[in-house]
There are 2 protein chains.
Amino acid sequence: MQQVVDTGTGSTTSTVASGGATTAVPETGNIPLLDKRSDREQVPPISLLPLPDAESRPGDRAPRSPSDLRHSWSWERSLIQWLHRQVGSPRVIIVLWDGTIVGRPQSAIGQINMQSPSALRRVVWNPDLAFGDCFASGELEIQGDLVEVLTELNRGLSRAGERTRLKTPWRLSHSSHSLAKSKSNASHHYDLGNDFYKLWLDEQLVYTCAYYPHSNATLEEAQVAKLDHVCRKLRLKHGEHVVDAGCGWGALALHMARKYGVSVQAYNLSGEQIQFARQWAESEGLSSRVQFIEDDYRNLAGQFDAFVSVGMLEHVGPENYRGLGSLMSRALTPTGRGLIHSIGRNAPRPLDAWTEKYIFPGAHPPSLREMMDLFENSGFSVLDVENLRLHYARTCADWLARYEQAMDRVRQMFDERFVRMWRLYLAASSAAFANGDLQLFQVLFARTNNNTLPWTRVDWYQDD
Amino acid sequence: MQQVVDTGTGSTTSTVASGGATTAVPETGNIPLLDKRSDREQVPPISLLPLPDAESRPGDRAPRSPSDLRHSWSWERSLIQWLHRQVGSPRVIIVLWDGTIVGRPQSAIGQINMQSPSALRRVVWNPDLAFGDCFASGELEIQGDLVEVLTELNRGLSRAGERTRLKTPWRLSHSSHSLAKSKSNASHHYDLGNDFYKLWLDEQLVYTCAYYPHSNATLEEAQVAKLDHVCRKLRLKHGEHVVDAGCGWGALALHMARKYGVSVQAYNLSGEQIQFARQWAESEGLSSRVQFIEDDYRNLAGQFDAFVSVGMLEHVGPENYRGLGSLMSRALTPTGRGLIHSIGRNAPRPLDAWTEKYIFPGAHPPSLREMMDLFENSGFSVLDVENLRLHYARTCADWLARYEQAMDRVRQMFDERFVRMWRLYLAASSAAFANGDLQLFQVLFARTNNNTLPWTRVDWYQDD
């Protein structure tokens, strides 16, 4: 017999489920972007029951202590029931190590297995950090579609926040973005090895939000469409000079040179990426027109017709926006155009602790209000803002699908903990963009008195 | 003989110009939007010389006192020389009542005639207010293309500001936007009489920035294109319910109902406009679907599929943005869309004193940063921002051209002072948008977790 604690009514009732039954997943319906990933159908449908027991715990690779086999105590069940309510009573059940169920199995779209008393205590004490830690270690297991379960948890949190008028307090980020620290932050993420990223990125290794011109576009097509979308917005003309701040593996810089006939200075702090980009440029005979520079964007000099930065602002830190604005102002010709492509927020809020610690040290997705520090004091006008949030939810979902297929190879490169950590990061990112917890802003700007640009955006949507 | 004071070198030299010569206007070149106004060619080309003298002063309709006939004093010439430098030594000469020239006639594109010592003193003492006051009274006369001269003055001011790192200090607006005060503010401007606006607006009386899909579009075409541009952004569907906050004479509300099959609740504080709009709706048989309400938008109730406000936010006051955000949040269905169309700034700055006093009491064009108060605290995501600054420069230029042709009739309705005041307002507005001193932002938004909208903007640019 299993105890079922319904946080909706607060009552503890008797058993609901029989041993071997499999419950079909209810349709969540309104996230078409996730339904489109046909290759994710290989993930088995959720089996809410049978519940985990001492003999077989799905995905549990951590050694178990004797205490993990004991019954849960009353205060532990009260605690987890309280936590379930705190996060907005999501349609996700929590199953304790002894089989106790919290939540409503009838309407659940997934389940979280707390494999040990210590996992419970850690998650209650410091959910921001411990949820990811316990998932990575296997002490916390998620059954069901990972993105959908995380999306549901995320929505629950939003509901709870609205109801109680809780707002995440605005904390100043204390991360350092000195030249040296920025280098080590970049290295933490981007120097994991090109072979690792080749397993699940598109063939051009574009590690930023893609642009899906239609719902059937592949990741490869969507990344090329994104590069063109950026170039069209910048209205690049043959022979112009462009600076690319934070160029990744070089796909955008090379695309601009190859297709739009511009010359590019491309900056990046990651040595591995720069090396890869240089070889790529050489293999295409573009080395004379695309210069890859292993340096901080803050050291750039000269004047350019266009300034582009795709996926770097997240790492710059709001305290440096005015400085970056001044730099862009010095770097742009009187008729120059600039485009900043960045993950963002609807309102200022720091990155969650787990992602900041393990995935993106020093990162901060800014709100539009915060981004204005780039433009307001540097003589720029914002010409255009486009929010591509749903495109990033889909991009992350596409990455996740490829990643899940390559997990055996990732395990050979790193370890199980790393495999699970990155799976959680990709799934949680997709969920955050799908929920509107994260945004993706493309901001186009030019000098205040630049009257040389076309008056409408029609040209961006005309075929070549 | 005339004294020429060159503020560039600071030296006072002897006579340059002979009596009857006419100097051609140098090309300013980079404001194509102003060159397109073929009907403005009727304005005579600038005649820098002959200079005004005691017998014939162009446009001088004010009675002259004996002191206006005396020679200028040395300190007056120093003062005006200082002022010319303070505003960035623009390519505009200042001619005093006794014929003294300040600035460089060789490169001037226009001239300002100070018709009296008192005009000089007032402009130096309080330029923000007195420039417009003296222009309206005729004590200060401008020769040359009014928009071009104002544009040049505006640019000079910007240059001066950059050089000296002067920033207009951020002052809190003390204007009241209570329900009663908002009503009287609106009445001041919009209740001047429909006949007055009919003289120079388009045939549908759309008194906001038009959208010129191509450079040959007429004002009429551009206003219809704007209405459609707004409706497309909102993705209106047949049968939906829309609220229009600040509906003017009703063109947008009626266009939405007529062409997109929606029903509309349209709010406006101006009794004259509402009366006109109701009659128009009746004449088209649209009264059942478009309800014109003479009330403050803050009193609206109910839920709508779209919230649209074109040219009202300027009158709301930043202290009310959070309140408007809450109201929009209450007013929109879960899948509702909102669009705010407003004059704006690159950075927070109060309206100039003259416009605030005579033209738009209580108005404040917000920066994007300020506008975020509408969205950040109300659960909205900004989906799209478009800056239509150049369209508004052209719109104002088109209005001005029609206005100038109708000035005799305006004079019959009001008086000479009014005629000149509104001519200055329209010309200065065109110049401010051309210079980037003012912006025009269209901001599209929806609830944070609304995933039902198309992923791209392609549909806005496809033909019907």
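Residues numbered from 1 in each chain as written. Chains lettered and ligands numbered in written order. Predicted model: local features only at pLDDT ≥ 70, side-chain atom pairs only at ≥ 80, totals over all residues. Heavy atoms only, no water.

A few points about the interface of chain B and chain A
A common way to state how big an interface is: give the accessible area lost once the parts meet.
(1) Moving on: The partner chain A presents 44 residues to the 44 residues of chain B that form the contact.
(2) Moving on: Across the chain B/chain A interface, buried area totals approximately 3800 Å², and carbon plus sulfur atoms make up 48% of it.
(3) Moving on: Among the residues of chain B in contact with chain A, R369(B), W455(B) and R457(B) are the three that bury the most area, contributing 23% of the side total.
(4) Moving on: Salt-bridge contacts for E386(A) lead to R457(B); the nearest nitrogen and oxygen are separated by 3.5 Å.
(5) Moving on: The interface formed by chain B and chain A holds 33 residue pairs in polar contact (both at pLDDT 80 or more) in total.
(6) Moving on: Among the secondary structure elements, those contributing two or more residues to the side of chain B that touches chain A are helix 13 (368–375), strand 12 (380–387), helix 14 (389–405), helix 16 (416–435) and strand 13 (439–447) of chain B. (Contact = heavy atoms within 4.5 Å. Buried area = accessible area lost by both parts, 1.4 Å probe. Salt bridge = Lys/Arg side-chain N within 4 Å of Asp/Glu carboxyl O. Polar contact = N/O pair within 3.5 Å; in protein donor to acceptor, adjacent residues only side chain to side chain. Helix = DSSP H or I, 4+ residues; strand = E, 2+ residues; numbered from the N terminus.)

Overview of the relation of the copies chain B and chain A
Two chain copies, one operation linking them: a rotation about an axis together with a shift along it.
(1) Moving on: At an RMSD of 0.0 Å, chain B and chain A line up after a rotation of 180 degrees and a shift of 0.0 Å along the axis. Expressed as a symmetry operation, the mapping of one chain copy onto the other fits a two-fold axis.
(2) Moving on: Counting the interface residues of chain B, we find that 100% of their copies in chain A are interface residues as well, pointing to one common contact surface. (Least-squares fit on C-alpha atoms with pLDDT ≥ 70 in both.)

Examining the confidence of the model for chain A
Residue and element names in this part refer to chain A.
(1) Moving on: The share of residues in chain A with pLDDT of 70 or more is 83%, and the mean pLDDT across the chain is 84.
(2) Moving on: Throughout residues 12–60 the model reports pLDDT below 50, and contacts reaching past four residues in sequence, or to other chains, amount to 106 contacts.
(3) Moving on: Segment residues 163–174: pLDDT under 50, and ten contacts once partners within four positions in sequence are set aside and those in other chains are kept.
(4) Moving on: The complex model carries a pTM of 0.85, and its ipTM stands at 0.85. (pLDDT = per-residue confidence, 0-100.)

Quick notes on helix 3 (residues 117–125) of chain A
All names here are of chain A.
(1) Moving on: Among the residues of helix 3, those classed as buried are P117, A119, L120, V123 and V124. Each buried residue of helix 3 sits inside an arc of 160 degrees when the element is viewed along its axis, so together they form one side.
(2) Moving on: Those residues of helix 3 hidden inside the fold are in contact with helix 2 (74–86), strand 5 (110–114), helix 4 (127–137) and strand 6 (140–143). (Buried < 20%, exposed > 50% of the residue type's maximum accessible area, 1.4 Å probe, protein only. Arc of directions from axis to C-beta.)

Digging into unusual backbone geometry
(1) Moving on: For L205(A), which is not glycine, the phi dihedral falls at a positive 55 degrees.
(2) Moving on: You can see L205(A) is positioned in the loop between helix 7 (194–198) and helix 8 (219–234).
(3) Moving on: In the Ramachandran plot, R235(B) falls in the positive-phi region, its phi being about 50 degrees despite a non-glycine side chain.
(4) Moving on: Within the secondary structure, R235(B) is located in the loop between helix 8 (219–234) and strand 7 (241–245).

Section: the state of the cysteines
Here a disulfide denotes a covalent bond joining the sulfur atom of one cysteine to the sulfur atom of another.
Residue and element names in this part refer to chain A.
(1) Moving on: The full count for this structure, using the stated rule, is zero disulfides over all chains.
(2) Moving on: For the unlinked cysteine C209, the closest cysteine sulfur is that of C396, found at 7.9 Å.
(3) Moving on: A relative accessible area of 0% means that C209 is categorised as buried.
(4) Moving on: Under the relative-accessibility criterion, C396 is labelled buried at 3%. (Disulfide = S-S within 2.5 Å.)

Some words on the packing of aromatic side chains
(1) Moving on: According to the stated counting rule, one finds 55 aromatic pairs over all chains in the structure shown.
(2) Moving on: Here Y392(A) and W399(A) contribute two aromatic rings whose centre-to-centre distance is 5.9 Å and whose plane-to-plane angle is 80 degrees, an arrangement assigned as edge-to-face.
(3) Moving on: When its relative accessible area of 1% is taken as the criterion, W399(A) is described as buried.
(4) Moving on: Taken together, a centroid distance of 6.2 Å and an interplanar angle of 40 degrees make the contact between W73(B) and W75(B) tilted.
(5) Moving on: Residue classification places W75(B) among the partly exposed residues on the basis of a relative accessible area of 42%.
(6) Moving on: One residue, R70(A), lies across the ring of W73(A), its end atom 3.7 Å from the ring centre. (Phe/Tyr/Trp six-rings, centres within 6.5 Å; stacked < 30°, edge-to-face > 60°. Lys NZ or Arg CZ within 6 Å of the ring centre and 35° of its normal.)

Topic: the pairing of strand 12 of chain B
(1) Moving on: Burial analysis of strand 12 of chain B places seven of its eight residues in the buried class, the great majority of the element.
(2) Moving on: Here strand 12 (residues 380–387) of chain A runs beside strand 12 of chain B; their pairing, made up of three bridges, is antiparallel. Residue pairing for strand 12 of chain B: D384(A) is matched across the bridge by E386(B).
(3) Moving on: In the sheet, strand 12 of chain B pairs with strand 13 of chain B via seven bridges, with the strands oriented antiparallel. For S381(B), the partnering residue across the bridge sits in strand 13 of chain B and is A446(B). (Pairing = 2+ DSSP bridges.)

Quick word on the nonpolar core
Note that soluble globular proteins tend to have their nonpolar side chains buried in a common cluster.
(1) Moving on: Ranked by internal contacts, the top residues of the largest apolar core, which has 224 residues, are W200(A), Y207(A), W422(A), W200(B), Y207(B) and W422(B).
(2) Moving on: If sequence neighbours within four positions are ignored, Y207(B) has contacts with H189(B), Y190(B), Y197(B), W200(B), L201(B), W249(B), F360(B), Y392(B), W399(B), W422(B) and Y425(B).
(3) Moving on: Among the nonpolar cores identified, the runner-up in size contains 58 residues, and A245(A), L324(A), L374(A) and L300(B) belong to it. (Core = buried A, V, L, I, M, F, W, Y, C linked by side-chain atoms within 4.5 Å.)

Quick word on the environment of Q143(B)
All names here are of chain B.
(1) Moving on: Turning to its location among the elements, Q143 is positioned in strand 6 (residues 140–143).
(2) Moving on: For Q143 and Q111, which are 32 residues apart along the polypeptide, the C-alpha to C-alpha distance reads 5.2 Å.
(3) Moving on: A polar contact is formed between the side chain of Q143 and the side chain of Q111, at a distance of 2.8 Å.
(4) Moving on: Within the local environment of Q143, its side chain forms a polar contact with the side chain of N113, the two groups lying 2.9 Å apart.

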